[in-house]
Amino acid sequence: MAQVTLKGNPVEIGGALPAAGSQAPAFTLVGEGLADTSLQDFAGRRKVLNIFPSIDTPTCATSVRTFNAKAGSLDNTVVLCISADLPFAQARFCGAEGLDNVKTLSTLRGRDFHDTYGVAINNGPLAGLTARAVVVLDENDTVLHTELVAEIADEPDYEAALTALS
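Residues numbered from 1 in each chain as written. Predicted model: local features only at pLDDT ≥ 70, side-chain atom pairs only at ≥ 80, totals over all residues. Heavy atoms only, no water.

Undergrad: I'm lost on the side chain of His114 in this one. Help?
TA: Tracing the sequence through the fold places His114 in helix H3 (residues 112-116). Residue contacts for His114: discarding those within four places in its chain leaves Gly14, Thr107, Val119, Ala120, Gly128, Leu129 and Thr130. (Helix = DSSP H or I, 4+ residues; strand = E, 2+ residues; numbered from the N terminus. Contact = heavy atoms within 4.5 Å.)

Undergrad: I would appreciate a short explanation of helix H2 (residues 87-97) in the present structure.
TA: Within an α-helix, residues lying three or four positions from one another point in the same direction, as the helix has 3.6 residues per turn. All of the buried residues along H2 are Pro87, Ala89, Gln90, Phe93 and Cys94. Across the axial projection of H2, the buried residues extend over an arc of 165°, all falling on one side. In H2, the exposed positions that point more than 90 degrees away from the buried face belong to Phe88, Arg92, Gly95 and Ala96. Structurally, H2 contributes buried residues whose contacts are with strand S3 (28-30), helix H1 (58-71), strand S6 (77-83) and strand S7 (102-106). Looking one or two residues past H2, Gly98 carries a phi angle of roughly 70°, positive in sign. (Buried < 20%, exposed > 50% of the residue type's maximum accessible area, 1.4 Å probe, protein only. Arc of directions from axis to C-beta.)

Undergrad: What is the right way to read the environment of Ser73 from this model?
TA: With respect to the element layout, Ser73 can be found in the loop between H1 and S6. Expressed as a C-alpha distance, the spacing of Ser73 and Arg109, which sit 36 residues apart in the sequence, is 31 Å.

Undergrad: Even after reading the chapter, I still don't get the nonpolar core, so can you show me in this structure?
TA: What tends to happen in soluble globular proteins is that the nonpolar side chains get buried as a cluster. Within the largest apolar cluster, 25 residues are counted, with the highest numbers of intra-cluster contacts made by Phe27, Leu49, Ile51, Leu80, Ile82, Phe113 and Tyr117. Every residue in contact with Tyr117, bar those within four places of it in the chain, is listed here: Ala16, Leu17, Pro18, Ala24, Pro25, Phe27, Leu39, Leu49 and Val135. Listed in part, the 21 residues of the second largest apolar core include Val64, Ala71, Phe93 and Cys94. (Core = buried A, V, L, I, M, F, W, Y, C linked by side-chain atoms within 4.5 Å.)

Undergrad: Looking at this structure, how should I read the layout of surface pockets?
TA: Rolled over the atoms, a probe as big as a water molecule pinpoints where empty space is left. By volume, the largest pocket is sized at about 350 Å³. When contributions to the lining of the largest pocket are tallied by element, the ones reaching two or more residues are H2 and S7. Of the residues that constitute the lining of the largest pocket, the class distribution is nine nonpolar, five polar and two charged. A volume near 170 Å³ is recorded for the second largest pocket. As for the second largest pocket, its lining consists of 13 residues, and the residues nearest its centre are Leu6, Thr57, Leu126, Arg132 and Ile152. The biggest single contributor to the lining of the second largest pocket is H1, with three residues. Its residues assigned to classes, the lining of the second largest pocket shows eight nonpolar, three polar and two charged. (1 Å grid on protein atoms, 1.4 Å probe; cavity = no way out; pocket = protein on both sides within 12 Å on 5 of 7 lines; lining within 4 Å. Points joined across faces, edges and corners; volume = space filled by probe spheres on them. Nonpolar A, V, L, I, M, F, W, Y, C, P; charged D, E, K, R; others polar.)

Undergrad: Is there a simple way to think about the side chain of His145 in this case?
TA: Structurally, His145 is set in strand S10 (residues 143-148). Residue class for His145 comes out buried when judged on its relative accessible area of 15%. Non-local contacts of His145, meaning those with residues more than four positions away in its chain, are made with Val134, Val135, Val136, Ala160, Ala161 and Ala164.

Undergrad: I'm lost on the sheet that holds strand S2 (residues 9-14) in this one. Help?
TA: Backbone hydrogen bonds are what pair the strands of a sheet, in a parallel or an antiparallel way. One open sheet accounts for three strands, arranged S1-S2-S8; its pairing is antiparallel. A single partner strand is all that each edge strand has here, and the edge strands are strand S1 (2-6) and strand S8 (120-121). Pairing analysis gives two bridges linking S2 to S8, with the strands arranged antiparallel. Each bridged residue has a counterpart across the sheet, and for Ile13 the counterpart in S8 is Ile121. (Pairing = 2+ DSSP bridges.)

Below, the structure written as structure tokens:
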């Protein structure tokens with residue numbers, strides 16, 4: 001079990017991030033139109049999993065905007081923005097912001113993702129949501145980079161994630 005903070009207060013995180021060099025665990029989450037969407041649906045492409053509590057918070061929104069801006073220049077790469085938000089809220093946000101270089105996925109049906117990927121917030125005001133993390137995968141779903149952000153209110157290290165793809 002890991003520990004991070006939320007505005008300086010300790011928060012317990014369940015599970016463990018997949019280790020660099022390991023095979024990413026399979027998952028099925030909810031995508032556009034409430035369709036089940038699996039990791040396998042992105043086979044053959046490099047993936048950046050941008051995991052966060054809710055798209056309706058400033059830092060989470062910034063991470064989606066930032067990865068959207070940087071994703072346009074990445075070859076054979078998809079950015080998957082994963083949160084507990086309903087697909088309707090995710091689509092509304094991306095539509096209003098004009099973001100089309102990211103794909104949003106909801107943990108609405110796929111709560112096992114929280115523990116499998118080591119991002120389950122177990123206590124505090126955000127209990128039941130996911131911690132902020134980034135997991136980068138190659139075309140074969142081998143983990144290239146992981147980051148569990150130490151302070152949930154902070155942004156991830158975008159450059160480290162993108163450097164893992166070069």
